[in-house]
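Coordinates in review
What follows is the residue order along each chain.
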Amino acid sequence: MVRSMVSDVEALAIKEENGMKVLIIGCGGREHVLAWKLKKSPLVKEIYCAPGNGGIAALAQCVDIEAADIERLAAFAKEKKVDLTVVGPEAPLVGGIVDFFEQQNLKIFGPSQKAARLEGSKVFAKEFMRKFNIPTAPFKVFDDKDEAMEFLAVSPLPLVVKADGLASGKGVIVCNKIQEARDAVEQIMGQKIFKEAGSKIIIEECLIGEEASILAISDGKNYVILDSSQDHKRIFDDDLGPNTGGMGAYSPAPVITEELLRKIGMQIVDPVIRGMHKQGTPFKGVLYAGLMMTDEGPMVLEFNVRFGDPEAQAILPRMKNDLAEILQSSCEGHLEKVKMDWDKRSCVCVVMTSGGYPGECATGKEIKGLDTIRDNHTIVFHAGTKKKDSKIVTAGGRVLGVTSLGETIEQAIERAYNAIEKIRFDRCFFRRDIGAKALKHLHPAPSQTGMRR
Ligand code: AMP
Ligand code: GLY
């Protein structure tokens with residue numbers, strides 16, 4: 001192998017002089033893994049995070065500006081001569097942050113406001129899928145409560161009621177009984193619990209199967225598909241209890257075989273990127289397809305327009321590419337030059353939450369044991385944490401994402417749960433079955449393989 005002509009010291013000097021300043025927007029585990037991954041890039045000199053959290057503060061300069069404050073964020077990016085801004089959460093994207101930054105010649109990774117409608121309006125996303133023949137559940141749109149109620153009376157159960165707009169992950173209700181469906185419609189359209197986000201609703205067929213997440217990064221024309229992952233949305237083991245932002249994830253997800261991944265690329269990712277381009281609203285950024293693997297093939301449950309949280313914590317530690325280069329290529333329209341390269345190991349992220357989540361939960365509790373994790377296959381990504389004097393305290397529902405790599409998924413699971421044993425805070429709660437579905441695919445029970453005893 002030819003040795004590099006540039007010494008490490010020279011490389012550092014080049015980075016100091018030419019390296020990029022990056023601003024990450026958001027404060028969760030997703031933003032922590034983004035900072036962690038970007039910190040490894042030889043292209044990146046300095047990282048700011050607005051507003052950040054207790055863990056991100058060790059990697060980046062945290063700036064006290066909320067993710068929703070688009071004008072102050074742009075002013076900050078200008079003042080500090082930020083070279084690239086990366087947006088974590090959906091709300092600023094749907095609010096038009098990319099358009100606002102670009103109008104001021106600030107480079108930013110993410111979709112325009114029009115392209116972000118794929119997440120910001122479920123009605124837009126479903127009608128788009130219908131138009132471009134992308135597999136999804138049959139549906140009907142309503143803007144009148146009485147008409148929606150009449151439709152419920154003649155619809156087979158189970159069915160799914162969805163508010164059109166952003167509802168902090170609470171706008172989708174899977175209904176097994178007619179009364180549940182009526183209550184959902186009444187709450188969304190009658191009581192307006194999601195305000196304007198519920199002025200239209202979708203009623204759709206309930207799909208059966210296993211869920212998985214496929215993320216792609218696009219520059220508007222070209223795209224790369226990231227390795228698969230699977231989230232665990234419900235609060236309790238065995239997928240019981242209410243939906244959450246995500247209680248853990250792993251990558252790759254064995255439910256997505258190579259053949260299925262090709263199919264998802266051809267039937268879902270490709271037509272979305274082409275369709276958005278054709279409509280004059282090219283999609284630049286992360287396209288996240290939440291999928292149901294049904295007997296008829298993969299079907300889209302919904303789109304997000306950003307990295308998943310906690311999917312990003314399970315995917316990015318396996319990415320061998322330089323993330324800064326990919327994000328920059330997306331902004332500049334040169335993604336065709338990127339070839340993805342993945343670590344073959346498995347990665348598992350187990351989310352530790354504060355008791356009460358996804359409802360009200362206590363904050364300000366000291367987190368102990370973080371300094372005892374010395375396993376170099378494990379990284380603890382912070383979500384709802386804050387630095388208080390010399391301590392790290394809880395500051396939200398999802399607190400930490402304990403993330404481990406392993407030669408096998410079993411090893412990754414074992415490492416993550418071993419690390420969790422060492423971390424303590426008052427009323428801490430986590431699922432104990434993250435990764436269990438992967439094991440079922442890898443080691444199916446004899447009855448599932450058709451073998452006879
Ligand atoms: P969220 O990502 O928070 O909007 O949650 C949506 C969740 O609702 C998905 O992850 C699925 O579990 C469920 N869901 C949405 N649409 C359907 C559908 N058509 N059939 C079955 N489950 C669905
Ligand atoms: N993990 C689900 C999401 O990011 O929306």
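Let us look at the structure shown here.

1. Focus: the pattern of salt bridges
Following the criterion strictly, the structure yields 20 salt bridges and no others. Where Glu119 meets Arg306, a salt bridge forms, and the shortest distance between an N and an O atom there is 3.1 Å. Of this pair, Glu119 sits in helix 6 (residues 117-120) while Arg306 sits in the loop between strand 17 (297-304) and helix 11 (311-315), and the two are 187 residues apart along the sequence. Its relative accessible area of 6% is what places Glu119 among the buried residues.

2. Describing unusual backbone geometry
Looking along the chain, the bond that leaves Leu157 and enters Pro158 is cis, with omega of -5°. Positionally, Pro158 belongs in the loop between helix 8 (145-153) and strand 7 (159-163). Within the chain, Arg427 stands out as a residue other than glycine whose phi angle is a positive 60°. Within the secondary structure, Arg427 is located in the loop between helix 13 (409-421) and strand 23 (428-429).

3. Quick notes on the sheet that holds strand 10 (residues 210-219)
A sheet is described by the order of its strands in space; here four strands give the open sequence 11-10-16-17, paired in antiparallel fashion. One side of each edge strand has no neighbouring strand; the edge strands of this open sheet are strand 11 (223-225) and strand 17. Here the average twist between neighbouring strands, direction ignored, is 30°. Across three bridges, strand 10 lies against strand 11 in antiparallel orientation. Within the sheet, the bridge partner assigned to Ser218 lies in strand 11 and is Tyr223.

4. Brief notes about the pairing of strand 15 (residues 248-251)
Where burial is concerned, the two faces of strand 15 agree: the one with Gly248 and Tyr250 and the one with Ala249 and Ser251 are both buried. Examined bridge by bridge, strand 12 (residues 230-231) and strand 15 share two bridges and lie antiparallel to one another. Residue pairing across strands places Asp231 opposite Ala249, the latter belonging to strand 15. Where strand 15 lies against strand 18 (residues 346-354), four bridges are found, and the strand directions are antiparallel.

5. A closer look at helix 7 (residues 122-131)
Counting buried positions along helix 7 gives seven out of ten residues, so the element sits mostly inside the fold. Those residues of helix 7 that fall on the buried side of the exposure criterion are Lys122, Val123, Phe124, Ala125, Lys126, Phe128 and Met129. Among the residues trailing helix 7, Asn133 stands out with phi positive, at a value near 60°.

6. Quick look at the site of ligand 2
Around ligand 2, a shell composed of Asp231, Lys233, Gly245, Tyr288, Asn304, Arg306, Gly308, Asp309, Pro310 and Glu311 is seen. A distance of 3.5 Å is found between an oxygen atom of ligand 2 and a side-chain nitrogen or oxygen belonging to Asn304. Within the side chain of Glu311, one N or O atom sits 2.8 Å away from a nitrogen atom of ligand 2. Summarising the interface, the protein chains cover 88% of the accessible area of ligand 2, which totals 200 Å² for the free molecule. The class makeup of the residues in the shell around ligand 2 is two nonpolar, three polar and five charged.

7. A word on the nonpolar core
Ile97, Leu118 and Phe303 are the most contacted members of the largest nonpolar core, which has 73 residues in total. If we ignore the near neighbours within four places in the chain, the residues touching Phe303 are Leu118, Glu119, Ala125, Met129, Ile268, Val272, Leu287, Tyr288 and Ala289. Grouped together as the second largest cluster of nonpolar side chains are 39 residues, Val86, Leu226, Leu327 and Leu335 included.

Criteria and cut-off values
Residues numbered from 1 in each chain as written. Chains lettered and ligands numbered in written order. Predicted model: local features only at pLDDT ≥ 70, side-chain atom pairs only at ≥ 80, totals over all residues. Heavy atoms only, no water. Salt bridge = Lys/Arg side-chain N within 4 Å of Asp/Glu carboxyl O. Helix = DSSP H or I, 4+ residues; strand = E, 2+ residues; numbered from the N terminus. Buried < 20%, exposed > 50% of the residue type's maximum accessible area, 1.4 Å probe, protein only. Pairing = 2+ DSSP bridges. Axes fitted to C-alpha atoms, helices over the stretch in contact; angles between N-to-C directions. Near = heavy atom within 4 Å. Polar contact = N/O pair within 3.5 Å; in protein donor to acceptor, adjacent residues only side chain to side chain. Areas by Shrake-Rupley, 256 points an atom, 1.4 Å probe, with all protein chains shown as cover. Nonpolar A, V, L, I, M, F, W, Y, C, P; charged D, E, K, R; others polar. Core = buried A, V, L, I, M, F, W, Y, C linked by side-chain atoms within 4.5 Å. Contact = heavy atoms within 4.5 Å.

Nothing here speaks to function; it is all geometry.
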